Every structure is written in C-alpha cells, then in structure tokens.
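Here is how the chains run, residue by residue.
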Amino acid sequence: MSALQHGALRPSNLPKLALCPCYESNPVAGPAERGTLLDIAFRAELLGLEERFVIANKLTADEIAAVSWSVSMVRAMSGRERVLAREDDCRVAILDLTGTADAIVPTKFSHFDLKTGARRNYREQMAAYALGLMGAHFASSWTAHLLFCDQREIETHRFTYEEAFAIVDQVVKSFNDPAKKPNPCEYCSWCAKADTCPAR
C-alpha cells in the first residue's frame with residue numbers, strides 16, 4: 001500500500017471511493033450535522049458525562065431514543081468489559097489514514113460505530129478501522145459492529161488482518177491509479193466534482 005497523502009483518503013470516504021475512485025467530499029453536502037450531534041450524545045451517554053443532559057436538549061424524542069438504544073446495545077454486547085469512548089482513546093491510524101471509532105472494547109477485539117440516516121455500505125471504512133486497531137492491539141482478527149440507530153439494526157463485520165488489508169489496499173490502489181475514471185454512483189450528489197464530472 002503506497003503512502004496515503006491525499007485528504008480524500010479518509011476511512012469515512014473509502015466506501016465512496018470503492019464505488020468511484022474520483023470521489024471527493026463536498027464540505028457542504030451530506031447530512032453530517034445531525035450525525036455529528038448524535039455521535040457526541042452517544043459518547044457522552046456512554047461515558048456518563050454531565051454534559052449529556054445539555055446535549056439531550058438539542059435532540060428530538062426520537063433521537064434521544066435512538067442514542068439510548070445504541071448505548072444499551074454497546075453495554076449488552078460488551079458485557080462487563082471496559083468500553084473506550086473518549087475521542088482520544090478511539091483514534092485509529094493505519095499508515096497515513098486516520099479516523100475515529102465511536103467505541104472500542106479492546107479485550108473483545110471489537111469496536112462500535114454509530115450510523116444515522118439511511119442504511120448504507122460501510123465495509124471499507126470498517127476494514128480500515130479494523131486494520132489500524134489490530135495493529136494497535138496486537139490482534140490477528142477484529143470485529144466491527146455498525147449501529148444503525150434510526151433503524152435499530154446492528155450489522156457486524158469480522159476481518160482477519162489479511163482480509164482488512166486487501167479491502168483497504170484495493171481502494172487505495174484504485175484511488176492512486178493515474179488512469180482512474182469517474183464512475184457515476186449513489187454518492188454523486190455529495191461529491192465536490194458533481195457539476196464538473198465528465199461521467200455525468
């Protein structure tokens with residue numbers, strides 16, 4: 001895997017880049033604000049922070065219920081094991097790729113990621129997190145649990161080191177290919193190149 005210097009190569013962009021190697025995030029597109037707020041609420045609730053009550057005032061009743069469901073799932077699935085949820089404890093680095101998982105259970109070689117809105121594919125992002133976390137925790141396999149809080153559904157991905165590496169490496173190689181071509185996909189409206197893309 002070559003050095004990853006480009007800003008587009010973030011774990012969160014990998015599922016999009018898997019569909020179109022020319023994808024580039026548009027900072028004003030995508031429903032990120034609500035997701036960020038629910039993510040903050042999720043962490044605060046998991047950590048039992050006082051600020052969770054202030055954050056709850058910014059949420060609807062449905063959103064509070066979605067966060068509560070997510071936290072209860074993490075607690076049920078992690079049992080008595082320690083759950084890391086502080087951002088500093090959940091940063092993931094693999095080569096020059098960096099991201100932040102939402103909660104990590106090191107003793108179970110697993111992590112959780114909260115997702116809001118419509119269900120989408122996050123396999124490549126989870127593979128990148130798994131790759132970094134396996135390296136950090138000296139594990140040969142890793143489990144990623146996606147918490148689709150609006151649907152109250154859990155999707156689990158299990159990776160060996162080799163599987164996670166192959167998934168991430170394929171996306172990175174396609175991205176770095178000088179002959180890459182854009183491929184119209186479901187993320188076109190979120191892309192910074194939406195109005196200038198020759199494939200559209």
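Definitions and limits used
- Residues numbered from 1 in each chain as written.
- Predicted model: local features only at pLDDT ≥ 70, side-chain atom pairs only at ≥ 80, totals over all residues.
- Heavy atoms only, no water.
- Axes fitted to C-alpha atoms, helices over the stretch in contact; angles between N-to-C directions.
- Helix = DSSP H or I, 4+ residues; strand = E, 2+ residues; numbered from the N terminus.
- Parallel < 35°, antiparallel > 145°, perpendicular 65-115°, else oblique.
- Left-handed = near helix turned anticlockwise from the far one by under 90°.
- Contact = heavy atoms within 4.5 Å.
- Buried < 20%, exposed > 50% of the residue type's maximum accessible area, 1.4 Å probe, protein only.
- Pairing = 2+ DSSP bridges.
- Salt bridge = Lys/Arg side-chain N within 4 Å of Asp/Glu carboxyl O.
- Core = buried A, V, L, I, M, F, W, Y, C linked by side-chain atoms within 4.5 Å.
- Polar contact = N/O pair within 3.5 Å; in protein donor to acceptor, adjacent residues only side chain to side chain.
- Right-handed = clockwise from strand over helix to strand, strands pointing away.

Colleague: I would appreciate a short explanation of the packing of helix α5 (residues 123-137) against helix α6 (residues 161-176) in the present structure.
Modeller: Each pair of packed helices can be summarised by the angle the axes make with each other and by the distance between the axes. Where α5 contacts α6, the axes come no closer than 8 Å and their chain directions differ by 125°. Considering the angle they form, α5 stands oblique to α6. The interaxial crossing formed by α5 with α6 has left-handed handedness. On α6, the residues that touch Arg123, Glu124, Ala127, Ala128, Leu131 and Met134 of α5 are Tyr161, Ala164, Phe165, Ile167, Val168 and Val171.

Colleague: What is the right way to look at the pairing of strand β1 (residues 91-94) in this model?
Modeller: Looking along a regular strand, one sees side chains alternate from face to face of the sheet. Burial of β1 is one-sided: the residues Val92 and Ile94 facing one way are buried, the residues Arg91 and Ala93 facing the other way are not. Two elements, β1 and strand β2 (residues 97-100), share four bridges in a ladder whose sense is antiparallel. Bridging across to β2, Ala93 finds its partner in Thr98. Connecting β1 to the antiparallel partner β2 that follows it, the hairpin turn spans two residues, and Leu95 within it adopts a positive phi of roughly 55°.

Colleague: Please explain the pattern of salt bridges as it appears in this structure.
Modeller: Under the counting rule described, the total for this entry stands at 15 salt bridges. Measuring nitrogen to oxygen at the nearest pair gives 3.4 Å for the salt bridge that ties Arg43 to Asp39. Of the two residues, Arg43 and Asp39 are both situated in helix α2 (residues 32-47); the distance of four residues between them amounts to about one turn of the helix. Across the pair, Asp39 and Arg43 agree in class, each one buried. Between Lys173 and Asp169 there is a salt bridge; the shortest N-O distance is 2.9 Å. Taken as a pair, Lys173 and Asp169 lie in helix α6 at a separation of four residues, close to a single helical turn. Note on Lys173: relative accessible area 54%, which makes it exposed.

Colleague: So what exactly am I meant to see when it comes to the sheet that holds strand β3 (residues 103-105) here?
Modeller: Whether parallel or antiparallel, the strands of a sheet pair through hydrogen bonds between backbone atoms. With mixed pairing, four strands are arranged side by side in an open sheet as β3-β4-β5-β6. The two strands at the open ends of the sheet, each matched to only one other strand, are β3 and β6 (153-160). With strand direction ignored, the average angle separating the axes of adjacent strands in the sheet is 20°. Across six bridges, the pairing between strand β4 (residues 110-115) and strand β5 (residues 141-148) is parallel. Following the sheet pairing, His111 is matched in β5 by Ala144. In this fold α5 packs onto β3, β4, β5 and β6, with an angle of close to 150° to the strand it touches most, β4.

Colleague: Help me understand the nonpolar core in this model?
Modeller: Nonpolar side chains in soluble globular proteins tend to be buried together. In terms of nonpolar packing, the biggest core is built from 39 residues, with Leu14, Phe159 and Val168 touching the most fellow members. Secondary structure elements with two or more residues in this core: α1 (14-19), β1, α5, β5 and α6. No other element matches the eight residues that α5 contributes to this core. Not counting chain neighbours up to four residues away, the residues in contact with Phe159 comprise Arg123, Met126, Ala127, Ala130, Met134, Ser140, Ser141, Trp142, Ala144, Ala164 and Ile167.

Colleague: Can you walk me through the environment of His157 in this structure?
Modeller: Structurally, His157 can be placed in strand β6. Filtering out sequence-adjacent residues up to four positions away, His157 remains in contact with Arg123, Trp142, Thr143, Ala144 and Leu146. Side-chain polar atoms of His157 contact the side chain of Glu155, separated by 2.7 Å.

Colleague: Honestly, the pairing of β5 in this entry has me stumped. Any pointers?
Modeller: For β5, the buried fraction is high: seven of the eight residues fall into the buried class. A crossover links β4 with its parallel partner β5, the connecting element being α5, and its sense is right-handed. Counting the residues in the hairpin turn of β5 and β6 gives four residues, including Arg152, whose phi is positive at 55°.

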